[in-house]
Amino acid sequence: MGYFPSVPLGPTLAVSLQLLSLVRQVFMRMPPNISAWCESLEAHLASMGYKVDTKEGIHRRFSNAYHWYCILEISVDEYVQQHLESAATPPADILPAVPSSSHHPPDVSSSRTWPLKYLRKHCPLCFGSHNWKNNNSSSDPDAIVCIDACFTQKCRRSQQDDPVNPTGSVFLSHDDIDTMECEVEGLRRTKASVQKRSGQSSKKNCGDEDRFEQGMRIPPSVLKGCNESFTAADERCQKASTQFFSDTGVMALLCHHDHVIHLANMTSAGEKQHYALALIKSLFSHLPDDFHIGLLYDIGCQLEQSCRKWGYLGLFLP
Ligand SMILES: [Zn+2]
């Protein structure tokens, strides 16, 4: 047919597949903005003498058509990928040509010796080869990833819930983020009360500013300077209003080829540490125990200090 409807039955708008494909490509290269796109299209049609015949314009209907068109495209890709993979896997009754001891089965059951399929799919260059097994140095990372937050991607409170999305997503679930937030608060409370009982306080380091804290490779004076110069390091700094926005920003974890590994929707006014911690924990849940990750983050030193001080992500620290 060549057109995609806004609803399955009795649609009042159908959009050309070529136009939807163009919009998808545009939104992959710039921040998606359906409202601006629809207004531009309506203005363009008006300049050619055509008028949209409803008060509400085409925004809601175009948005529906675009959403389900994207779901269809992603589902087709996943379907083709699944069949390619199953065609590439030999049937169970055919023995592999190499001895089983040197054969690396490429799926989840080998989670301790091979990064999970999720990571191999998102970046085969970082997670798809065996090179990391030859790296015996714990100081050389097997893959480098980076984290940063962006407070320009917001969602208004008045916005209705997201439409259903049955495809796989790189976004962490709200439950994962909430669990990490509770874990962080619990560890802070526990450690703070233990320190209080044992009479320790931060004041004891006064006058000894360049003495390294346990596990840290930079002195406290540098940490202090970073904390003062980076607003991102101040969790209480309000970068977006939670009064007007339900999602205040997005935090991303990318590999060094700029492939997205995970995203986290932020709902707090500032850049809280539990988002970065949830992203890192999720990354490590896909990796073998002896896979080393190098992490780039503009306030990485603050995050590491917190991890060592409060005991976050203890299993994953070097
Ligand atoms: Zn990569």
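Just above, that's the structure.
What counts as what
Residues numbered from 1 in each chain as written. Predicted model: local features only at pLDDT ≥ 70, side-chain atom pairs only at ≥ 80, totals over all residues. Heavy atoms only, no water. Helix = DSSP H or I, 4+ residues; strand = E, 2+ residues; numbered from the N terminus. Buried < 20%, exposed > 50% of the residue type's maximum accessible area, 1.4 Å probe, protein only. Polar contact = N/O pair within 3.5 Å; in protein donor to acceptor, adjacent residues only side chain to side chain. Contact = heavy atoms within 4.5 Å. Expected span 1.5 Å × (residues − 1). Donors = N, O, S within 2.8 Å, 3.2 Å for Na, K, Ca; no water. Tetrahedral: all angles 85-135°; square planar, octahedral: opposite > 155°, others 65-115°. Core = buried A, V, L, I, M, F, W, Y, C linked by side-chain atoms within 4.5 Å. Salt bridge = Lys/Arg side-chain N within 4 Å of Asp/Glu carboxyl O. Pairing = 2+ DSSP bridges.

(A) Seen up close, the side chain of Thr167. Its place among the elements puts Thr167 in the loop between strand S4 (155–156) and helix H6 (174–197). Residue Thr167 is classed as buried on the basis of its relative accessible area, which comes to 10%. A polar contact of 2.6 Å, which involves the side chain of Thr167, links it to the side chain of Asn165. Not counting residues within four places of it along the chain, the set of residues in contact with Thr167 comprises Ile71, Ile74, Ser75 and Glu78.

(B) Summary view of helix H8 (residues 273–284). Helix length check: H8, at twelve residues, gives a terminal C-alpha distance of 17 Å against a target of 16 Å (1.5 Å per residue), a fit within 8%. Of the residues making up H8, those classed as buried are Gln273, His274, Tyr275, Ala276, Leu277, Ala278, Leu279, Ile280, Ser282, Leu283 and Phe284.

(C) The arrangement of the coordination of the zinc ion in detail. Those donors, Cys123 (SG), Cys126 (SG), Cys255 (SG) and His257 (ND1), are the protein atoms that reach the zinc ion, and they lie 2.0 to 2.3 Å from it. In this structure, the zinc ion is coordinated by four donor atoms arranged in tetrahedral fashion, with angles at the metal of 98 to 116°. For the zinc ion, the single-chain donor residues occur in sequence as C-x2-C-x128-C-x1-H. Here His257 falls in the partly exposed class, since its relative accessible area comes to 29%.

(D) Looking closely at the nonpolar core. One finds Phe127, Ile147, Met251, Leu277, Leu283, Leu287 and Ile293 to be the most contacted residues of the largest nonpolar core, which totals 39 residues. When residues of this core are traced back to their parent elements, those giving at least two are helix H5 (124–127), strand S3 (143–150), H6, strand S6 (249–255), strand S7 (260–266), H8, strand S8 (293–297) and helix H9 (300–310). With eight residues, H8 is the largest single contributor of residues to this core. With residues up to four places along the chain from it excluded, the contact list for Phe127 reads Pro115, Leu119, Arg120, Ala143, Ile261, Leu283, Leu287, Phe291 and Ile293.

(E) A look at the pattern of salt bridges. A complete count under the given rule lists five salt bridges for this structure. We note a salt bridge from Glu85 to Lys117, for which the minimum N-O separation is 3.0 Å. One end of the pair, Glu85, is in helix H3 (residues 59–88); the other, Lys117, is in helix H4 (residues 117–122), with 32 residues separating them in the sequence.

(F) A look at the pairing of S3. Side-chain alternation along S3 places Ala143, Val145, Ile147 and Ala149 on a buried face and Ile144, Cys146, Asp148 and Cys150 on a face that remains uncovered. Two elements, S3 and S8, share five bridges in a ladder whose sense is parallel. Among the inter-strand pairings, Ala143 is bridged to a residue of S8, identified as Ile293. The pairing of S3 with S6 spans six bridges and is antiparallel. Looking at the pairing, Cys150 lines up with Val250 of S6.

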